[in-house]
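Breakdown of the fold
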Amino acid sequence: MKVALLGAGHIGQTIARLLHGSGDYQVTVIDKSAAALAKLQAEGIATQTVDTENKAALAAALRGQTTVVNALPYHLAITAAHLALEAGCHYFDLTEDVAATKEIKRIAAGARTAFMPQCGLAPGFIGIVAHHLAKSFDTLQDVKMRVGALPAFPTNALKYNLTWSVDGLINEYCHPCESIHDGELIAALPLEGLEHFSLDGTEYEAFNTSGGLGTLCETLSGRVRNLDYKTVRYPGHRDLMMMLLDDLQLKNDQETLKNIMRKSMPATMQDVVLVFVTVSGMRGGSLVQEVFARKIFAERDGASPLSAIQITTAAGICAAVDLFREGKLPQSGFIRQEEVELPAFLANRFGKAYQQSRQVESIG
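Residues numbered from 1 in each chain as written. Predicted model: local features only at pLDDT ≥ 70, side-chain atom pairs only at ≥ 80, totals over all residues. Heavy atoms only, no water.

We now examine the overall build of the protein chain. Of the regular secondary structure elements, the protein chain holds twelve helices and 16 strands. Its C-alpha atoms give the protein chain a radius of gyration of 20 Å, within 12% of the compact-globule value 21 Å for 364 residues. Summarising its shape, the C-alpha atoms of the protein chain cover approximately 55 × 50 × 40 Å along the three principal directions. Expressed as a percentage of its 364 residues, the buried residues of the protein chain come to 55%. (Helix = DSSP H or I, 4+ residues; strand = E, 2+ residues; numbered from the N terminus. Rg over C-alpha atoms; globule rule 2.2 N^0.38 Å. Buried < 20%, exposed > 50% of the residue type's maximum accessible area, 1.4 Å probe, protein only.)

With the rule as written, the count across this model stands at zero disulfides. Of all cysteine sulfurs in the structure, the one in Cys119 sits closest to Cys89, which takes part in no disulfide; the separation is 15 Å. Look at Cys89 and you get buried, because its relative accessible area is 0%. No disulfide involves Cys177; its nearest neighbouring cysteine sulfur is the one of Cys174, lying 10 Å away. You can call Cys177 buried: its relative accessible area is 3%. (Disulfide = S-S within 2.5 Å.)

Time to look at the pattern of salt bridges. Under the definition given, this model contains 24 salt bridges. For Glu43, the salt bridge identified is with Arg17, shortest N-O distance 2.9 Å. Residue Glu43 is located in the loop between helix H2 (34-41) and strand E3 (46-49), and its partner Arg17 is located in helix H1 (residues 10-22); the two are separated by 26 residues in the primary sequence. Given the relative accessible area of 28%, Arg17 is considered partly exposed. Among the salt bridges present, the one from Arg336 reaches Glu218, with a minimum N-O distance of 3.1 Å. With Arg336 in the loop between strand E15 (333-334) and helix H12 (342-347) and Glu218 in helix H8 (residues 216-220), the pair connects residues that are 118 residues apart, well separated along the chain. Through salt bridges with shared partners, a single ionic network connects Asp24, Asp322, Arg325 and Arg349. (Salt bridge = Lys/Arg side-chain N within 4 Å of Asp/Glu carboxyl O.)

By the secondary structure assignment, His237 is in helix H9 (residues 237-247). When sequence neighbours within four positions are dropped, the list of residues in contact with His237 reads Leu158, Tyr160, Tyr173, Glu205 and Phe207. (Contact = heavy atoms within 4.5 Å.)

The next point concerns the pairing of strand E9 (residues 184-188). Here strand E8 (residues 177-181) pairs with E9 via five bridges, running antiparallel. Looking at the pairing, His181 lines up with Glu184 of E9. Connecting E8 to the next strand, E9, in antiparallel fashion are two residues, including Asp182 with a positive phi near 50°. (Pairing = 2+ DSSP bridges.)

Glancing now at helix H3 (residues 55-62). Among the residues of H3, those classed as buried are Leu58, Ala61 and Leu62. All buried residues of H3 fall inside an arc of 100° around its axis, so they share one side. Of the surrounding secondary structure, the elements contacted by the buried residues of H3 are strand E1 (2-6), strand E2 (26-31), E3, strand E4 (67-70) and helix H4 (77-87). The distance from a side-chain oxygen at the start of H3 to the backbone nitrogen of Ala56 is 3.1 Å, and the residue carrying that oxygen is Asn54. Immediately beyond the C-terminal end of H3, within one or two residues, lies Gly64, with a positive phi of roughly 90°. (Arc of directions from axis to C-beta. Polar contact = N/O pair within 3.5 Å; in protein donor to acceptor, adjacent residues only side chain to side chain.)

Moving on to the nonpolar core. Grouped together as the largest cluster of nonpolar side chains are 70 residues, with contacts concentrated most on Ile15, Val29, Phe125, Met145, Leu227 and Val277. With twelve residues, helix H11 (residues 308-325) is the single largest residue contributor to this core. Excluding residues that lie within four positions of it along the chain, Met145 makes contacts with Ile126, Gly127, Ala130, Gly212, Leu213, Leu216, Leu227, Asp228, Tyr229, Lys230, Phe276 and Val277. Ranked by size, the runner-up nonpolar core spans 24 residues in total, among them Ala4, Leu76, Cys89 and Ala108. (Core = buried A, V, L, I, M, F, W, Y, C linked by side-chain atoms within 4.5 Å.)

So this is what it looks like as C-alpha coordinates:
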(Lines give C-alpha, C1' and ligand atoms only; values in the text may rest on other atoms or scores of the structure.)
Protein backbone atom coordinates (compact mmCIF):
# COMPACT_ATOMS: atom_id res chain seq x y z
CA MET A 1 0.00 0.00 0.00
CA LYS A 2 1.31 3.43 -0.98
CA VAL A 3 0.92 5.83 1.94
CA ALA A 4 1.31 9.61 1.93
CA LEU A 5 2.02 10.51 5.54
CA LEU A 6 1.34 14.19 6.21
CA GLY A 7 3.43 15.62 9.02
CA ALA A 8 6.93 14.83 10.32
CA GLY A 9 6.52 15.94 13.91
CA HIS A 10 7.09 13.62 16.88
CA ILE A 11 3.97 11.58 16.16
CA GLY A 12 4.45 11.63 12.40
CA GLN A 13 8.01 10.35 12.68
CA THR A 14 6.89 7.47 14.89
CA ILE A 15 4.10 6.55 12.45
CA ALA A 16 6.58 6.66 9.56
CA ARG A 17 9.02 4.31 11.29
CA LEU A 18 6.30 1.85 12.28
CA LEU A 19 4.69 1.62 8.85
CA HIS A 20 7.99 1.63 6.95
CA GLY A 21 9.53 -0.93 9.29
CA SER A 22 6.65 -3.36 8.80
CA GLY A 23 7.61 -3.90 5.18
CA ASP A 24 3.99 -3.73 4.00
CA TYR A 25 3.79 -0.01 3.25
CA GLN A 26 5.51 2.25 0.74
CA VAL A 27 5.63 5.42 2.81
CA THR A 28 6.32 8.96 1.60
CA VAL A 29 6.45 11.53 4.41
CA ILE A 30 5.32 15.02 3.40
CA ASP A 31 6.16 18.09 5.48
CA LYS A 32 7.35 21.68 5.08
CA SER A 33 10.29 21.15 7.42
CA ALA A 34 13.33 19.87 5.54
CA ALA A 35 15.16 19.40 8.84
CA ALA A 36 12.45 17.10 10.21
CA LEU A 37 12.36 15.11 6.96
CA ALA A 38 16.14 14.73 6.91
CA LYS A 39 15.98 12.47 9.98
CA LEU A 40 13.68 10.07 8.15
CA GLN A 41 15.63 10.26 4.90
CA ALA A 42 18.70 9.06 6.78
CA GLU A 43 16.72 5.94 7.71
CA GLY A 44 15.78 5.18 4.12
CA ILE A 45 12.23 6.54 4.30
CA ALA A 46 11.03 8.51 1.27
CA THR A 47 10.22 12.17 1.91
CA GLN A 48 8.92 15.18 0.05
CA THR A 49 9.27 18.81 1.14
CA VAL A 50 5.90 20.49 0.56
CA ASP A 51 4.14 23.48 2.11
CA THR A 52 1.29 21.53 3.70
CA GLU A 53 -0.83 24.68 3.97
CA ASN A 54 -0.61 25.21 0.20
CA LYS A 55 -3.61 23.33 -1.24
CA ALA A 56 -2.30 23.13 -4.79
CA ALA A 57 1.13 21.88 -3.72
CA LEU A 58 -0.36 19.32 -1.35
CA ALA A 59 -2.85 18.12 -3.96
CA ALA A 60 0.00 17.51 -6.40
CA ALA A 61 1.91 15.53 -3.77
CA LEU A 62 -1.05 13.20 -3.18
CA ARG A 63 -1.47 12.15 -6.80
CA GLY A 64 -0.71 8.47 -7.31
CA GLN A 65 -0.97 7.60 -3.61
CA THR A 66 -3.34 4.97 -2.23
CA THR A 67 -3.82 6.23 1.32
CA VAL A 68 -3.41 9.51 3.19
CA VAL A 69 -2.41 9.35 6.85
CA ASN A 70 -2.76 12.82 8.31
CA ALA A 71 -0.62 13.76 11.33
CA LEU A 72 -0.83 17.52 10.76
CA PRO A 73 -2.37 20.01 13.25
CA TYR A 74 -6.13 19.66 13.67
CA HIS A 75 -6.99 22.84 11.75
CA LEU A 76 -5.67 21.25 8.53
CA ALA A 77 -7.82 18.10 8.80
CA ILE A 78 -10.70 19.29 6.63
CA THR A 79 -8.39 20.47 3.86
CA ALA A 80 -6.42 17.22 3.92
CA ALA A 81 -9.59 15.12 3.80
CA HIS A 82 -10.99 17.06 0.84
CA LEU A 83 -7.71 16.66 -1.05
CA ALA A 84 -7.67 12.93 -0.29
CA LEU A 85 -11.17 12.66 -1.74
CA GLU A 86 -10.12 14.51 -4.88
CA ALA A 87 -7.04 12.28 -5.25
CA GLY A 88 -9.10 9.09 -4.80
CA CYS A 89 -7.21 8.14 -1.63
CA HIS A 90 -8.32 6.47 1.58
CA TYR A 91 -7.98 8.84 4.54
CA PHE A 92 -7.00 8.38 8.22
CA ASP A 93 -6.24 11.07 10.81
CA LEU A 94 -5.78 11.86 14.51
CA THR A 95 -8.09 14.84 14.90
CA GLU A 96 -10.01 15.45 18.10
CA ASP A 97 -11.82 18.42 16.56
CA VAL A 98 -15.59 17.82 16.49
CA ALA A 99 -16.28 20.20 13.59
CA ALA A 100 -13.59 18.59 11.44
CA THR A 101 -14.97 15.11 12.10
CA LYS A 102 -18.50 16.17 11.14
CA GLU A 103 -17.24 17.62 7.86
CA ILE A 104 -15.20 14.50 7.11
CA LYS A 105 -18.28 12.39 7.75
CA ARG A 106 -20.24 14.57 5.33
CA ILE A 107 -17.75 14.27 2.48
CA ALA A 108 -17.34 10.53 3.09
CA ALA A 109 -21.01 9.88 2.32
CA GLY A 110 -21.07 7.97 -0.95
CA ALA A 111 -17.29 8.07 -1.36
CA ARG A 112 -15.63 5.12 -3.07
CA THR A 113 -12.71 5.39 -0.67
CA ALA A 114 -12.66 5.09 3.13
CA PHE A 115 -12.51 7.98 5.60
CA MET A 116 -11.55 7.20 9.19
CA PRO A 117 -10.74 10.20 11.41
CA GLN A 118 -9.97 10.19 15.15
CA CYS A 119 -7.57 7.22 15.05
CA GLY A 120 -5.38 8.14 18.00
CA LEU A 121 -5.72 7.65 21.74
CA ALA A 122 -8.75 9.82 22.61
CA PRO A 123 -10.66 9.90 20.41
CA GLY A 124 -9.61 6.55 19.05
CA PHE A 125 -8.61 3.66 21.28
CA ILE A 126 -10.75 4.87 24.18
CA GLY A 127 -13.90 4.62 22.04
CA ILE A 128 -12.98 1.12 20.86
CA VAL A 129 -12.69 0.00 24.48
CA ALA A 130 -15.91 1.65 25.64
CA HIS A 131 -17.96 0.22 22.79
CA HIS A 132 -16.50 -3.24 23.34
CA LEU A 133 -17.50 -3.22 27.02
CA ALA A 134 -20.93 -1.74 26.26
CA LYS A 135 -21.81 -4.58 23.88
CA SER A 136 -21.81 -7.12 26.71
CA PHE A 137 -24.74 -5.46 28.57
CA ASP A 138 -28.46 -6.04 28.13
CA THR A 139 -29.13 -2.40 29.00
CA LEU A 140 -26.63 0.39 29.66
CA GLN A 141 -26.62 2.88 32.50
CA ASP A 142 -23.28 4.70 32.69
CA VAL A 143 -20.25 4.82 30.39
CA LYS A 144 -17.32 6.81 31.79
CA MET A 145 -14.15 7.32 29.74
CA ARG A 146 -11.01 8.83 31.28
CA VAL A 147 -7.64 9.41 29.58
CA GLY A 148 -4.52 11.31 30.59
CA ALA A 149 -1.12 11.90 28.99
CA LEU A 150 1.01 13.09 31.90
CA PRO A 151 4.63 13.82 32.78
CA ALA A 152 6.10 11.09 34.95
CA PHE A 153 7.87 13.74 37.05
CA PRO A 154 5.80 16.97 37.25
CA THR A 155 7.78 19.92 38.61
CA ASN A 156 5.78 23.10 37.83
CA ALA A 157 2.60 24.62 39.26
CA LEU A 158 0.48 23.24 36.41
CA LYS A 159 1.99 19.79 37.06
CA TYR A 160 2.24 19.40 33.32
CA ASN A 161 4.79 19.22 30.53
CA LEU A 162 4.17 19.37 26.81
CA THR A 163 3.69 15.81 25.70
CA TRP A 164 1.81 16.54 22.46
CA SER A 165 0.40 19.35 20.31
CA VAL A 166 -0.25 22.65 22.13
CA ASP A 167 -2.85 23.46 19.46
CA GLY A 168 -4.76 20.27 20.22
CA LEU A 169 -4.44 20.79 23.97
CA ILE A 170 -5.94 24.29 23.99
CA ASN A 171 -8.58 23.31 21.43
CA GLU A 172 -9.98 20.58 23.70
CA TYR A 173 -9.91 22.93 26.72
CA CYS A 174 -11.99 25.61 24.96
CA HIS A 175 -14.82 23.89 23.10
CA PRO A 176 -18.14 22.41 24.27
CA CYS A 177 -18.03 18.73 25.20
CA GLU A 178 -20.60 16.36 23.76
CA SER A 179 -22.07 13.96 26.32
CA ILE A 180 -25.28 12.18 27.22
CA HIS A 181 -26.96 13.01 30.54
CA ASP A 182 -30.16 11.25 31.64
CA GLY A 183 -30.57 9.96 28.11
CA GLU A 184 -30.34 13.40 26.46
CA LEU A 185 -27.50 14.70 24.29
CA ILE A 186 -25.99 17.79 25.89
CA ALA A 187 -23.04 20.12 25.34
CA ALA A 188 -21.15 20.23 28.65
CA LEU A 189 -18.75 23.05 29.47
CA PRO A 190 -15.03 22.33 29.11
CA LEU A 191 -13.05 22.09 32.37
CA GLU A 192 -16.25 21.47 34.36
CA GLY A 193 -17.37 18.18 35.95
CA LEU A 194 -14.32 17.95 38.21
CA GLU A 195 -13.75 14.60 39.94
CA HIS A 196 -10.87 12.95 41.80
CA PHE A 197 -9.61 9.37 41.84
CA SER A 198 -6.52 7.33 42.63
CA LEU A 199 -4.69 4.83 40.44
CA ASP A 200 -1.72 2.82 41.70
CA GLY A 201 -1.60 5.05 44.76
CA THR A 202 -1.30 8.33 42.80
CA GLU A 203 -4.00 11.01 43.06
CA TYR A 204 -5.51 12.45 39.88
CA GLU A 205 -8.28 14.80 38.81
CA ALA A 206 -10.48 14.57 35.72
CA PHE A 207 -12.66 17.14 33.97
CA ASN A 208 -14.61 17.67 30.76
CA THR A 209 -12.70 18.25 27.53
CA SER A 210 -13.86 18.30 23.94
CA GLY A 211 -13.63 15.59 21.31
CA GLY A 212 -12.67 12.50 23.29
CA LEU A 213 -15.97 10.67 22.73
CA GLY A 214 -15.57 10.63 18.98
CA THR A 215 -18.85 9.39 17.48
CA LEU A 216 -20.01 7.40 20.51
CA CYS A 217 -22.83 9.82 21.40
CA GLU A 218 -24.44 9.06 18.08
CA THR A 219 -23.69 5.34 18.23
CA LEU A 220 -25.07 4.87 21.77
CA SER A 221 -27.92 7.38 21.53
CA GLY A 222 -31.10 5.89 22.99
CA ARG A 223 -29.16 3.05 24.64
CA VAL A 224 -27.27 4.70 27.51
CA ARG A 225 -28.36 6.89 30.42
CA ASN A 226 -25.06 8.72 30.96
CA LEU A 227 -21.99 8.90 28.71
CA ASP A 228 -19.04 11.23 29.18
CA TYR A 229 -15.34 11.71 28.54
CA LYS A 230 -12.88 13.50 30.81
CA THR A 231 -9.18 14.31 30.61
CA VAL A 232 -6.98 13.22 33.51
CA ARG A 233 -4.42 15.54 35.10
CA TYR A 234 -2.65 15.88 38.44
CA PRO A 235 -4.69 17.76 41.11
CA GLY A 236 -4.64 21.55 40.74
CA HIS A 237 -4.12 21.69 36.97
CA ARG A 238 -7.75 22.40 36.16
CA ASP A 239 -8.03 25.41 38.51
CA LEU A 240 -4.92 27.06 37.08
CA MET A 241 -6.10 26.52 33.50
CA MET A 242 -9.46 28.08 34.36
CA MET A 243 -7.62 31.09 35.76
CA LEU A 244 -5.62 31.47 32.55
CA LEU A 245 -8.53 30.88 30.18
CA ASP A 246 -11.37 32.60 32.04
CA ASP A 247 -9.99 35.08 34.58
CA LEU A 248 -7.21 36.32 32.27
CA GLN A 249 -9.46 35.89 29.20
CA LEU A 250 -6.81 33.99 27.27
CA LYS A 251 -9.54 31.81 25.77
CA ASN A 252 -10.12 34.88 23.59
CA ASP A 253 -6.40 35.14 22.78
CA GLN A 254 -5.40 31.53 22.37
CA GLU A 255 -2.30 32.25 20.28
CA THR A 256 -0.80 34.21 23.18
CA LEU A 257 -1.49 31.34 25.56
CA LYS A 258 0.00 28.80 23.15
CA ASN A 259 3.14 30.92 22.74
CA ILE A 260 3.50 31.26 26.52
CA MET A 261 3.21 27.51 26.98
CA ARG A 262 5.68 26.73 24.19
CA LYS A 263 8.26 29.15 25.63
CA SER A 264 7.88 28.35 29.32
CA MET A 265 6.77 24.73 29.54
CA PRO A 266 9.40 22.19 28.52
CA ALA A 267 8.51 19.11 26.54
CA THR A 268 9.25 15.72 28.06
CA MET A 269 9.84 12.22 26.77
CA GLN A 270 9.32 10.81 30.29
CA ASP A 271 5.56 10.49 30.40
CA VAL A 272 2.78 8.02 31.14
CA VAL A 273 -0.60 7.49 29.47
CA LEU A 274 -3.58 6.47 31.59
CA VAL A 275 -6.64 4.79 30.07
CA PHE A 276 -9.60 4.13 32.37
CA VAL A 277 -13.11 3.07 31.25
CA THR A 278 -16.02 1.99 33.41
CA VAL A 279 -19.32 0.72 32.04
CA SER A 280 -22.30 -0.24 34.21
CA GLY A 281 -25.72 -1.64 33.39
CA MET A 282 -27.99 -4.63 33.56
CA ARG A 283 -26.84 -8.10 32.57
CA GLY A 284 -28.86 -11.21 33.25
CA GLY A 285 -31.13 -9.32 35.63
CA SER A 286 -28.30 -7.93 37.79
CA LEU A 287 -26.64 -4.51 37.92
CA VAL A 288 -22.94 -5.03 37.09
CA GLN A 289 -19.89 -2.94 36.20
CA GLU A 290 -16.98 -3.68 33.87
CA VAL A 291 -13.65 -1.84 34.11
CA PHE A 292 -10.77 -1.51 31.64
CA ALA A 293 -7.56 0.12 32.90
CA ARG A 294 -4.15 0.58 31.31
CA LYS A 295 -0.95 2.45 32.04
CA ILE A 296 1.40 2.80 29.09
CA PHE A 297 4.93 4.02 29.79
CA ALA A 298 7.62 5.72 27.74
CA GLU A 299 10.30 3.52 26.23
CA ARG A 300 13.64 4.99 27.29
CA ASP A 301 15.92 2.18 26.15
CA GLY A 302 17.43 1.90 22.70
CA ALA A 303 18.69 4.36 20.12
CA SER A 304 15.29 6.00 19.56
CA PRO A 305 13.46 6.67 22.86
CA LEU A 306 9.69 7.03 22.57
CA SER A 307 7.30 8.90 24.83
CA ALA A 308 4.10 7.17 25.94
CA ILE A 309 1.96 9.58 23.90
CA GLN A 310 4.04 8.83 20.80
CA ILE A 311 3.62 5.10 21.36
CA THR A 312 -0.13 5.17 21.97
CA THR A 313 -1.07 7.72 19.30
CA ALA A 314 1.06 6.17 16.56
CA ALA A 315 -0.08 2.66 17.53
CA GLY A 316 -3.71 3.72 17.24
CA ILE A 317 -3.54 5.05 13.71
CA CYS A 318 -1.11 2.39 12.46
CA ALA A 319 -3.37 -0.36 13.79
CA ALA A 320 -6.37 1.25 12.06
CA VAL A 321 -4.53 1.40 8.73
CA ASP A 322 -3.27 -2.17 9.19
CA LEU A 323 -6.72 -3.58 10.00
CA PHE A 324 -8.11 -1.75 6.99
CA ARG A 325 -5.40 -3.19 4.73
CA GLU A 326 -6.24 -6.66 6.03
CA GLY A 327 -9.92 -6.18 5.10
CA LYS A 328 -11.12 -6.16 8.72
CA LEU A 329 -12.79 -2.75 8.33
CA PRO A 330 -15.24 -1.32 5.77
CA GLN A 331 -13.47 -0.43 2.55
CA SER A 332 -15.39 2.74 1.70
CA GLY A 333 -17.34 5.57 3.32
CA PHE A 334 -17.09 6.84 6.88
CA ILE A 335 -15.58 4.46 9.44
CA ARG A 336 -16.23 4.99 13.15
CA GLN A 337 -13.66 3.97 15.74
CA GLU A 338 -16.22 1.72 17.40
CA GLU A 339 -16.36 -0.40 14.25
CA VAL A 340 -12.95 -1.75 15.30
CA GLU A 341 -13.15 -4.92 17.39
CA LEU A 342 -11.05 -4.57 20.54
CA PRO A 343 -9.62 -8.13 20.41
CA ALA A 344 -8.54 -7.59 16.80
CA PHE A 345 -6.95 -4.25 17.73
CA LEU A 346 -5.00 -5.68 20.67
CA ALA A 347 -3.87 -8.66 18.59
CA ASN A 348 -2.61 -6.37 15.82
CA ARG A 349 1.17 -5.94 15.58
CA PHE A 350 0.82 -2.19 16.24
CA GLY A 351 -2.11 -2.36 18.68
CA LYS A 352 -0.09 -4.61 20.99
CA ALA A 353 1.48 -1.42 22.35
CA TYR A 354 -1.62 -1.10 24.56
CA GLN A 355 -1.02 -4.38 26.36
CA GLN A 356 0.81 -2.74 29.29
CA SER A 357 -1.49 -2.62 32.32
CA ARG A 358 -1.71 -1.92 36.02
CA GLN A 359 -4.31 -2.78 38.64
CA VAL A 360 -6.73 -0.03 39.66
CA GLU A 361 -6.69 0.69 43.38
CA SER A 362 -9.70 3.00 43.78
CA ILE A 363 -11.89 5.52 42.05
CA GLY A 364 -14.46 7.87 43.49
